[in-house]
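# Structure at a glance
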Amino acid sequence: MNNDNTNMNTNMNTTNSLGYDKAIVSENLTKKFGRFTAVDTISFSVDKGEIFGFLGANGAGKTTAMRMLTGLLLPTSGRASVAGFDVFTQTEEIKRNIGYMSQKFSLYEDLTIGENIDFYGGIYGLGRSELKTKTSEMIEKFSLGDAGRKLIKDLPLGWKQMLAFSVAMIHNPQIVFLDEPTGGVDPITRRRFWDLIYEASSQGKTIFVTTHYMDEAEYCGRVSIMVDGLIEAMGRPNDLKLQYGCDSMNDVFVKLARPE
Amino acid sequence: MKAFKEFVRKEIYHISRDYRTLFVLLGMPIAQLIIFGFAIRTEISEADIGIFDKSKDHVTQKIIDKIVSSGHFKLTEYIESPEDMEKSFRAGKVKQIIVFEENFAHKLGRGSAQVQIINDASDPNVAKILNMYASTIILDFLKGFNQNGMAGNIVIAPQPRMMYNPEMRSVYMFVPGLIVLILMLVSALMTSVAITKEKEKGTLEVLLVSPLRPQTIIIGKVIPYLLLSLFNAATVLVLSRAIFGVPFKGSMLDFAIVTVIFILVALGIGIVISTISKTQQTALMISLAGLLMPTVLLSGFIFPIENMPWALQLFSKVIPATWYLIILKAIMLKGLSFGYFWQETLVLIGFMIFLLTVANKKFKVRLE
Ligand SMILES: Nc1ncnc2c1ncn2[C@@H]1O[C@H](COP(=O)(O)OP(=O)(O)OP(=O)(O)O)[C@@H](O)[C@H]1O
Ligand SMILES: [Mg+2]
C-alpha cells in the first residue's frame, strides 16, 4: 500500500490538462444546491508543499468547496484537479493521495487512540507492525502516557484534534485537507496544532486548511477569502494587508466580509 | 478482507462499550422469551362463539342461557350445518362452537347425552381457556340437573383443532415469532441506527474519503450485526428448548439457509433506512414505527393473518417477516422441508434481491 502511494504520487508529475506540479487546481468550480449557489465559480491553485488558508464566514461555502475537492460531492460545473487527478472522473486516485479531517470530529469517541489508529490505518492497508509503531510514536509525540489507554471522549478537545490530524496523515498522504481543525480549541493548543501543520509542510506535504481565526490566517503561505460562495481576495497575508490598507488579517476579513 | 476484519473489530468495541446496546442485544432474547413464555392470558370475556343445536329443546336452551349469561361468551352465530361450522371458523367469526346432539333432552333423561366443544386453536391460549370455561359451565349445569332427582350424564367430547401443536403450548407458537422479531431488531433497527450514527458523527465522511469502496464500507459495517443476529437466533432456539421444551422438528440446515436470507433482507432494510435518515433518532423512529410495529402486529406473530380484514391481509403480504414466519413454523413445528415452502422461500429471495439492490444504489460514494 505504501508503495502504491509513492507510485500514485509520482503521477502528480504526469501531464494533466489542468496543469502539473500544482497540488490543487480549481477553475470556475461551482456547486449549486437546487437554485442556491453555495460555491460560485471559484478559481485558484495551490503549490506543492504550500499552506493554503481557506477563509470565509459561516456559510461562505468552504466545506462545500472542500467536499468537491475530496471527491465527496460532485461539482455542478467547472474543473478541478487534486494531486493531478480530475475531481469528476478520478476520485479513486485522489482519495489515495489525500488525508482529510472533517469539520465534525473524525475519530471514534468510544475507541482509544490505538484502536482508532488500528482502524483507520487498517483500512488504508497498513500492516500490524507499522500500526504498532505509529501508535507508540503518537503516544510519545503527544506525551499521552497513560492517557493512551483512555477512550478518545475522555481526552481534552485540543488533544483530540491533534490526534485526529495525526490519524488523518497516517497513510502519509501528499495533500491534507483540514476543515476548521482548531474550532473551539484554546490559543496555546492552537499554537501547538500549527506546529504540527508546519512540520507536515516541511516534509513537503500540501496543507489546505479552513479557519475562522484570523491570527491563524497569518500563519498561512497564502489565503483566499470567500464571501457568499465567491472568492473575494487571494494572496499572501502581508500582500493582502497592504492591498486593503489594514494592519491585520482580521481587518482585511471584516472589510471584505462586511462591506459598508 | 483486512478492511472487513478492522470493521468487525471496531464494531465489537462500539457494541461492547455501549452498555445499553449490549443489554438490549444480549438480554433481549432471553427477556422476551421469558415474558412471552410465561405471560399467558388468563381472563377472557365476551368471546364470540357459535351454537350448533341439533336438538333445540328446553334443556339445550337452558344450557345456552347459562353459557351466555356467564359473561365469558357472546353468542354471535347460530349454526345450522357442519358446513356452516367450517365457514364460521375460517372466517374467524367464532372462537368456539358448541354442538348439541339430536334429541339431547330425551337422551339425557335416559342416561347420557353428548355435547361437543370445538375450539379454534390458532390461538392456543385462548382455545384452552375457552374450552375450560365452557366445560365448567356445562358440568355445573349437570350438577344442578342431577340434584333435581335426575341421574343423567353429559359427555363432553372436545375436538379442538390442534394438529401441529398437540399440547397447545403457546410458547411453541411464540418462538418462531420471537426469532423473527429479534432478527428484525438486530439486523434492521440496530444496523440502521449504527450507520446513521456514523453519518451524524461525521465519521462516515472520513470513511468515504478513504479509498474503500462504498460496498466495502457497508458490508464491513453490517457483518457484525449479521453474526450477532445468528447468535441471537441460536440463543432463542437453545433457551426455548431448555426452558419450555419447544421442539425443533425440521432440518437445521434449512433453518440456517432461510434465516441467512431473511437476515440479508433485514440488513437491506436497515441500510435503506439509514440512507434516508439524517439522525439516529430518525432512524430509530422509522425502524420502530415503520418496521417493528407491522412486523409484530401484521406478520401473523401475534394475530392470525386469516382473521384480519382483507386490506391488512394484503398488506401483510408485503412484509418479509410474514413469509419467513410461515417457513419458520413449517420447519420448527411441522418438520417440513424446502419441497413444502419453496414458494415462500422464493418470495423471500425476491425481497432480498430487491432490497439489496436498492441499498446498493442508495449508498453512494458521494454525499447527497
Ligand atoms: N447539502 C446541502 N444542501 C443544501 N444546501 C447546502 C448543503 N450543504 C451546504 N449547503 C448550504 O451551502 C452554504 C455553504 O455551506 P458550507 O457548509 O460550505 O459553508 P462553510 O463555509 O463551511 O460554513 P461554516 O463556517 O459554518 O462551516 C450554506 O448556506 C449551506 O446552508
Ligand atoms: Mg464548514
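Each remark here, short or long, concerns the structure printed above.
Read on for a plain summary of the structure. (Residues numbered from 1 in each chain as written. Chains lettered and ligands numbered in written order. Predicted model: local features only at pLDDT ≥ 70, side-chain atom pairs only at ≥ 80, totals over all residues. Heavy atoms only, no water.)

### Looking at the sheet that holds strand β6 (residues 98-101) of chain A
All names here are of chain A. Stated precisely, the cut-off is as follows: At least two DSSP bridges between two strands are needed for those strands to be called paired. Numbered from the N terminus, helices here are DSSP runs of H or I no shorter than four residues, and strands are runs of E no shorter than two. Fitting a line to C-alpha atoms yields each axis, with helices limited to the stretch in contact; the angle taken between N-to-C directions then spans 0 to 180 degrees. Working rule for contacts: check all heavy atoms of both residues, and any pair within 4.5 Å makes them a contact.
Ordered by their spatial adjacency, 6 strands build an open sheet running β6-β7-β8-β3-β9-β10, and the pairing between neighbours is mixed. With partners counted over all chains shown, the strands left at the sheet margins are β6 and β10 (230-235), one partner each. For this sheet, the mean angle separating the axes of adjacent strands, direction not counted, is 15°. When β6 meets strand β7 (residues 175-179), the two strands line up parallel, connected through 4 bridges. Bridge pairing links tyrosine 100 to phenylalanine 177 in β7. On top of the sheet, helix α2 (residues 62-69) reaches β3 (51-56), β6, β7, β8 (206-211) and β9 (222-227); it is set at about 155° to β7, its chief contact. Here helix α10 (residues 249-257) sits on the sheet and contacts β3, β9 and β10; the angle it forms with β9, its principal contact strand, is near 30°.

### Quick notes on the interface of chain B and chain A
Which entries qualify depends on this criterion: For this analysis, a salt bridge means a side-chain nitrogen from Lys or Arg found within 4 Å of a carboxyl oxygen belonging to Asp or Glu. Definition of a polar contact: a pair of N or O atoms within 3.5 Å, with one able to donate and the other able to accept a hydrogen when the atoms are protein atoms, and with sequence-neighbouring residues admitted only if both atoms are side-chain atoms. All amino acids are sorted into three groups, where Ala, Val, Leu, Ile, Met, Phe, Trp, Tyr, Cys and Pro are nonpolar, Asp, Glu, Lys and Arg are charged, and the leftover types, Gly among them, are polar.
If you look at the interface, chain B gives 27 residues, while chain A gives 32 residues. A salt bridge links A:Arg128 to B:Glu6; its shortest N-O distance comes to 4.0 Å. Our enumeration of links across chain B and chain A arrives at 9 residue pairs in polar contact (both at pLDDT 80 or more). Listing elements by their share of the side of chain B that touches chain A, those giving two or more residues are α1 (2-17), α7 (170-201) and α8 (203-209) of chain B. When its residues are assigned to classes, the side of chain B that touches chain A shows 10 nonpolar, 4 polar and 13 charged.

### Let's talk about the packing of helix α9 (residues 214-244) of chain B against helix α10 (residues 252-276) of chain B
Residue and element names in this part refer to chain B. Note the following rule: Angle categories: roughly parallel below 35 degrees, roughly antiparallel above 145, roughly perpendicular from 65 to 115, and oblique for all the rest. With the far helix as reference, a near helix turned anticlockwise by less than a right angle produces a left-handed crossing, and one turned clockwise produces a right-handed crossing.
Packing of α9 against α10 leaves a shortest axis separation of 10 Å and a crossing angle of 135°. Looking at the two axes, α9 sits oblique to α10. Crossing of α9 against α10: the hand is right-handed. Touching Ile218, Val222, Tyr225, Leu226, Ser229, Leu230 and Leu237 of α9 are Met252, Phe255, Thr259, Val260, Ile263, Leu264, Leu267 and Ile271, all from α10. Of the residues belonging to the contact of α9 with α10, the class tally is 13 nonpolar, 2 polar and no charged.

### A look at the coordination of the magnesium ion (ligand 2)
Reference values for coordination geometry: four tetrahedral donors around a metal ideally subtend 109.5 degrees, six octahedral donors ideally subtend 90 or 180 degrees. Residue and element names in this part refer to chain A. Filter applied, for reference: Donor atoms (N, O, S) are those found within 2.8 Å of the metal centre, with the cutoff raised to 3.2 Å for Na, K and Ca; water is not part of the atom list, so apparent gaps in a site can occur. Here the term buried applies to any residue with accessible area under 20% of the maximum for its type, exposed to any over 50%, and partly exposed to those in between, with areas from a 1.4 Å probe on protein chains only.
The magnesium ion (ligand 2) binds to the protein through Thr63 (OG1) and Gln103 (OE1); the donor distances cover 1.8 to 2.1 Å. In this pair, threonine 63 is assigned in helix α2 and glutamine 103 in the loop between β6 and α4 (113-123), connecting sequence segments 40 residues apart. Taking the relative accessible area as the measure of exposure, glutamine 103 reaches 40% and is therefore partly exposed.

### Quick notes on the packing of aromatic side chains
All names here are of chain A. Condition: Centre distance within 6.5 Å is the pairing criterion for rings of Phe, Tyr and Trp, where only the six-membered ring of Trp is used; planes under 30 degrees apart are then read as stacked, over 60 as edge-to-face, and the remainder as tilted.
By the definition in use, this model includes 19 aromatic pairs over all chains. Relative to phenylalanine 208, the ring of phenylalanine 54 lies with its centre 4.8 Å away and its plane at 40°, an arrangement referred to as tilted. Of this pair, phenylalanine 54 sits in strand β3 while phenylalanine 208 sits in strand β8, placing them 154 residues apart in sequence. In this structure, phenylalanine 54 and phenylalanine 208 share a single accessibility class: buried. Plain terms: the ring middles of tyrosine 108 and tyrosine 120 are 5.8 Å apart, the flat faces sit at 20° to each other, and that makes the pair stacked. Linking tyrosine 108 in the loop between β6 and α4 with tyrosine 120 in helix α4, this pair joins segments that are 12 residues apart in sequence.

### Section: the site of ligand 1
Quick reminder of the rule: Residues are classed as near a molecule or strand on a simple rule: at least one heavy atom within 4 Å of it.
In the vicinity of ligand 1 lie 15 residues, with A:Gly59, A:Lys62, A:Thr63, A:Thr64 and A:Gln103 positioned nearest. Each of chains A and B places residues next to ligand 1. Here A:Gln103 contributes a side-chain N or O atom positioned 2.8 Å from an oxygen atom of ligand 1. Counting only elements with at least two residues in the shell around ligand 1, the list comes to β2 (36-47) and α2 of chain A. With 3 residues, α2(A) is the single largest residue contributor to the shell around ligand 1. In terms of residue class, the shell around ligand 1 is built from 5 nonpolar, 7 polar and 3 charged.

From the geometry alone we can't say anything about function, so treat these as descriptive.
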